[in-house]
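Examination of the molecular architecture
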Amino acid sequence: MRHLIILSFLLLLSCNTKNESKNNDNNMQNIEEIQAIKQMLRAQQDYWNNGDIDGFMKSYWNSQELIFTSLNHKPTYGWNNTLERYKESYPTKESMGELKFKIINLEIISKNTAVLKGEWELIRKKDHPLGIFWIELRKFEEDWLITKDSTISLVN
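Residues numbered from 1 in each chain as written. Predicted model: local features only at pLDDT ≥ 70, side-chain atom pairs only at ≥ 80, totals over all residues. Heavy atoms only, no water.

Attention shifts here to the overall build of the protein chain. Assigned secondary structure in the protein chain consists of four helices and six strands. Ordered by position from N to C terminus, the α and β elements of the protein chain give α-α-β-β-α-α-β-β-β-β. Across the 156 residues in the protein chain, those meeting the buried criterion constitute 31%. Across the protein chain, the fraction of contacts at a sequence separation of at least 24, relative to all contacts at a separation of at least 6, is 47%. Counting only carbon and sulfur atoms, one obtains 53% of the accessible surface of the protein chain, whose full area is about 10500 Å². (Helix = DSSP H or I, 4+ residues; strand = E, 2+ residues; numbered from the N terminus. Buried < 20%, exposed > 50% of the residue type's maximum accessible area, 1.4 Å probe, protein only. Contact = heavy atoms within 4.5 Å. Areas by Shrake-Rupley, 256 points an atom, 1.4 Å probe, with all protein chains shown as cover.)

Right, let's talk about the nonpolar core for a bit. By size, the foremost hydrophobic cluster in this structure holds 26 residues, and its most contacted members are Ile37, Tyr60, Tyr86, Leu116 and Leu137. Of all the secondary structure elements, the ones that give two or more residues to this core are α1 (2–49), α2 (53–56), α3 (79–89), β3 (98–110), β4 (113–123), β5 (130–140) and β6 (143–155). If near-sequence neighbours (up to four positions away) are discounted, Tyr60 is found in contact with Gln44, Leu66, Phe68, Trp79, Tyr86, Leu145, Ile146 and Asp149. (Core = buried A, V, L, I, M, F, W, Y, C linked by side-chain atoms within 4.5 Å.)

Next up on the list: the pattern of salt bridges. Following the criterion strictly, the structure yields four salt bridges and no others. Residues Lys148 and Glu136 are paired through a salt bridge, measuring 3.9 Å at the closest nitrogen-oxygen approach. Placement of the pair is Lys148 in strand β6 and Glu136 in strand β5, with a sequence separation of twelve residues. Among the residues examined, Lys148 registers a relative accessible area of 31% and is labelled partly exposed. Judged by relative accessible area, which is 36%, Glu136 ranks as partly exposed. (Salt bridge = Lys/Arg side-chain N within 4 Å of Asp/Glu carboxyl O.)

The next subject is the environment of Thr113. Within the secondary structure, Thr113 is located in strand β4. Counting along the chain gives 23 residues from Thr113 to Glu136, while the straight-line C-alpha distance between them is 7.4 Å. Dropping the residues within four chain positions of it, Thr113 is found in contact with Glu107, Ile108, Leu137 and Trp144. A polar side-chain atom of Thr113 sits 2.7 Å from a polar atom in the side chain of Ser110. (Polar contact = N/O pair within 3.5 Å; in protein donor to acceptor, adjacent residues only side chain to side chain.)

We now examine unusual backbone geometry. In the Ramachandran plot, Glu141 falls in the positive-phi region, its phi being about 55 degrees despite a non-glycine side chain. By the element assignment, Glu141 lies in the loop between β5 and β6. For Glu141, a relative accessible area of 76% gives the class exposed.

Moving on: the packing of aromatic side chains. Taken as a whole and assessed by the stated rule, the structure comprises ten aromatic pairs. A centroid spacing of 6.0 Å and a plane angle of 55 degrees characterise the contact between Phe56 and Tyr60, whose relative ring orientation is tilted. This pair shows no difference in class: Phe56 is buried, exactly as Tyr60 is. For the pair Tyr60 and Tyr86, a centre-to-centre distance of 6.2 Å together with 55 degrees between the ring planes defines the contact as tilted. Here the residue Tyr60 occupies a position in the loop between α2 and β1 (67–70), and Tyr86 occupies one in helix α3, the gap between them amounting to 26 residues. A relative accessible area of 3% places Tyr60 in the buried class. Under the relative-accessibility criterion, Tyr86 is labelled buried at 12%. What links up through ring pairs into an aromatic cluster is the set Trp48, Phe56, Tyr60, Phe68, Tyr86 and Tyr90. Between the NZ or CZ atom of Arg138 and the centre of the ring of Trp61, over which it lies, the distance is 4.7 Å. (Phe/Tyr/Trp six-rings, centres within 6.5 Å; stacked < 30°, edge-to-face > 60°. Lys NZ or Arg CZ within 6 Å of the ring centre and 35° of its normal.)

Right under this line is the structure:
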């Protein structure tokens, strides 16, 4: 009987160790994915600050299913329409200003989906708009791309 109790205890311990190992692997994977998303946002910010909207758009899913929304505007559907909207709204490097992002919350939902809430601000000579954004991301092969972007301005 004593051997049966010890065997049962060892079996339970073995199961817990496997689960902890699996959880540790998932945590390491999430840390790597979070770092990849943060790197994508840094690159996007750098493109913007260099006046390169085409480079900035590399972080968006090049699909008709891309959705961009903001207050006081109708939703924009599709990568090309979103690019056109950015170029119309920010025709010059001066109008683009210096962009800064701050991540408030970033959550990996599954192996290939994530959601992010953040703050943005533009530093320009004439004004200093800032606001909040929520983005949905999907991992395509090795790249995380924005599939839905909802942005609001808090101050103009």
